[in-house]
Each structure stands twice: as C-alpha cells, then as structure tokens.
Amino acid sequence: MTEIRAHAEALRAHVGARGAPETREIERGALRKFAVATGDPHAAHHGAVAAPTYVAALRSPLPPLPEPDEPFRSHLHTNDELELHAPIRAGDVVETTCELTDVFVKEGRSGPMLFTQVTFTTTRDGEPVSTVAWTEVQYG
Amino acid sequence: MSIVTEPADLAVGQALPAFERTPTTTQLVRYAGAEDDYMPVHFDHHYAVAAGQRGVINHGWLTFAIALQSVTSWLPPEIARVVRSRSRYLRPTYPGLPLVCRGTVTALRKDRGARLVDVSVEVFDGDPIDPASTRTATVEATFALLPEQA
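Everything numeric in this text was worked out from a predicted model, so none of it was measured.

Conventions we followed
Residues numbered from 1 in each chain as written. Chains lettered and ligands numbered in written order. Predicted model: local features only at pLDDT ≥ 70, side-chain atom pairs only at ≥ 80, totals over all residues. Helix = DSSP H or I, 4+ residues; strand = E, 2+ residues; numbered from the N terminus. Buried ≥ 20, exposed ≤ 12 C-beta atoms within 10 Å, placed from the backbone. Arc of directions from axis to C-beta. Contact = placed C-beta atoms within 7 Å. Pairing = 2+ DSSP bridges.

Peer 1: Explanation requested: the overall build of chain A in the structure shown.
Peer 2: When you go through chain A residue by residue, the secondary structure sums to two helices and five strands. Going from the N terminus to the C terminus, chain A shows its helices and strands as α-β-α-β-β-β-β. Projected onto the principal axes, the alpha-carbon positions of chain A cover approximately 50 × 30 × 20 Å. Classification of the 140 residues of chain A by burial places 31% in the buried group.

Peer 1: How should I be thinking about helix α2 (residues 28–38) of chain A in this particular structure?
Peer 2: In an α-helix, one turn spans 3.6 residues; hence positions three or four apart end up facing the same way. Within α2 of chain A, burial applies to Ala 30, Leu 31, Phe 34, Ala 35, Ala 37 and Thr 38 of chain A. The arc that holds every buried residue of α2 of chain A, seen down its axis, measures 165°, which confines them to one face. In this structure, the buried side of α2 of chain A is in contact with α1 (25–35) and α3 (60–72) of chain B. Two residues or fewer after α2 of chain A comes Gly 39 of chain A, characterised by a positive phi angle close to 70°.

Peer 1: I tried to follow the interface of chain A and chain B on my own but got confused; where do I start?
Peer 2: Think of interface size as the accessible area that goes away when the parts come together; that is how it is often given. Across the contact, 28 residues belong to chain A and 33 residues belong to chain B. Inspection of the sheet shows strand β2 (residues 74–84) of chain A paired to strand β2 (residues 80–89) of chain B by five bridges, in the antiparallel sense. Bridge pairing links Glu 81 of chain A to Arg 86 of chain B in β2 of chain B.

Peer 1: What exactly am I supposed to notice about the environment of Asp 80 of chain A here?
Peer 2: Mapped onto the fold, Asp 80 of chain A is located in strand β2. Among the residues examined, Asp 80 of chain A registers 23 C-beta atoms within 10 Å and is labelled buried. Sequence separation between Asp 80 of chain A and Arg 12 of chain A is 68 residues, and the spatial gap between their C-alpha atoms is 20 Å. Leave out the neighbours within four places in its chain, and Asp 80 of chain A touches Trp 134 of chain A together with Gly 60, Trp 61, Phe 64 and Ser 87 of chain B.

This is a description of form; function is not addressed.
Below, the structure is given as structure tokens:
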C-alpha cells in the first residue's frame, strides 16, 4: 500500500499544476436547488443570485495526478476559503480553472496526515468572480 | 435587534442572534446533488463507519453555508454581501444533531472606500454554555456594506 509520505512526495512535484478551464452557464434551477438544500432563508438565492457558498459547486477537473494504490482510510475536509469578487447571477457564463496549490504532511495522533489544497478560480468575461481554496486531509 | 436595517445598527463586540439548524440525512442527499459532492462518507453508512466515523457526516460546506446563514439572517443581502470567508472544521458533525451558531462582530473598518464588517462564528454541537457541547467549526467572514448603505 502506498505510504502517505511517499504519496505526498509524488504529489508535491505537481504543485502548480492546472486543469483545463471549464465553461458553464449558471442555471436558475441549480441555484434554487442549492438554496433549498441548504435551507437558505433569502428569496433572492432561490433562483436569481447565487448564495455565497454556491461557489463550492464551481469546480473543474485537475490534470492527472499520482494516485495511491488504494484510497486512504479517511478523507475529510479541513478548511475552506472563499473570495467573492462579484455577485453570480442566473444566466452568467463563467469559466473555472483548478490548480493544485499546496501539499503537506502533518504528524497526527495515529500517524502522518496528508493535506492537499486545490484552488478554483472563476472568471466572467475575463474578470475575477470567485476564488475558492479547498483543503482536504487523508490518513490511515 | 433581530435584523440589521441600517449600518448604524452595527457595533464591534455585538453578539449575533442565536441560530440553530439540524441537518437531516435527506438534506445531505439533497446537498450532495446540489453541490455535486458524492464523497461516500456523506451518504454510505458502512463506508463512513469503516472510515472511522459513527455514521454519515455532514458536508463541511453545508456547515459553512449554515454558519454564513446565521450572519445573513441578521445582516441580510439587501444590506451587505459576503466578500471573503474562511471555514475551519474542527471535528465531524452528524445529521440529526443541532449545529448551534454563535457569532460576534469583530471589526468595522474601511478598505479602499468600502465599509466592511468582520464577523466570527463558532459552531457548537449543542448549547454553547453546556459543558457537554463541543465546538465543531469556526467561520470568519467579511461583509461589504452595499454602496447605498456605505
């Protein structure tokens, strides 16, 4: 089985790697579903304007990266960050690019833990709309 | 003070109104579809137990959304919009248990002409004053007052 440290080393060589940009149209129905799923109290978020954390759904694939032989036992979110440069509205056409921005290992109570940060940058007509940094931890 | 209607209502140190939500397993399924997050730890009990959890766990981003709602329910989008936020998950949370949000205004400041409101929210798995409750997440957020408010 792949060791956490060996896997981290293999991944670290890819920090800065970017996936192909993905273009999508923001759908009214998708905004509404998101607002319903989160119990959002604001009528505007039920179709017209994206709720602040809707940017979690604006993802695009990473380029191929090294994978462990078997998935590690646990895989969780630890930190999320968002920056919203402009409101996102139904009908907007946006472009999202994904980048592997950080890889590091911390020693946990039951062994090494692998942290990876992926950053999603979304633009509209070339202007920044949102930046989302998503950090996950894997161990075991 | 249930909802902010003008910037004069804001003060540093102010405690936000109490806010509590209890996600259900059905809500997790809905959320998985709405965010396109199909990590099995959020819907497959056996997978979650094998991964060391008591059962399926809430999506971190759902906790994040609820923590921000605890602010926007009081400082609504007609007055201010979120410009930056950061969520830190301290331990997994489970559907069927309450997420109790306790927010505080930490700063009122200006940046390049924008009037900003910094808020810090702590999320507990029960009444924060009950010693049996645990802090499960922290969320920091900066809101910009809309131009007509600023």
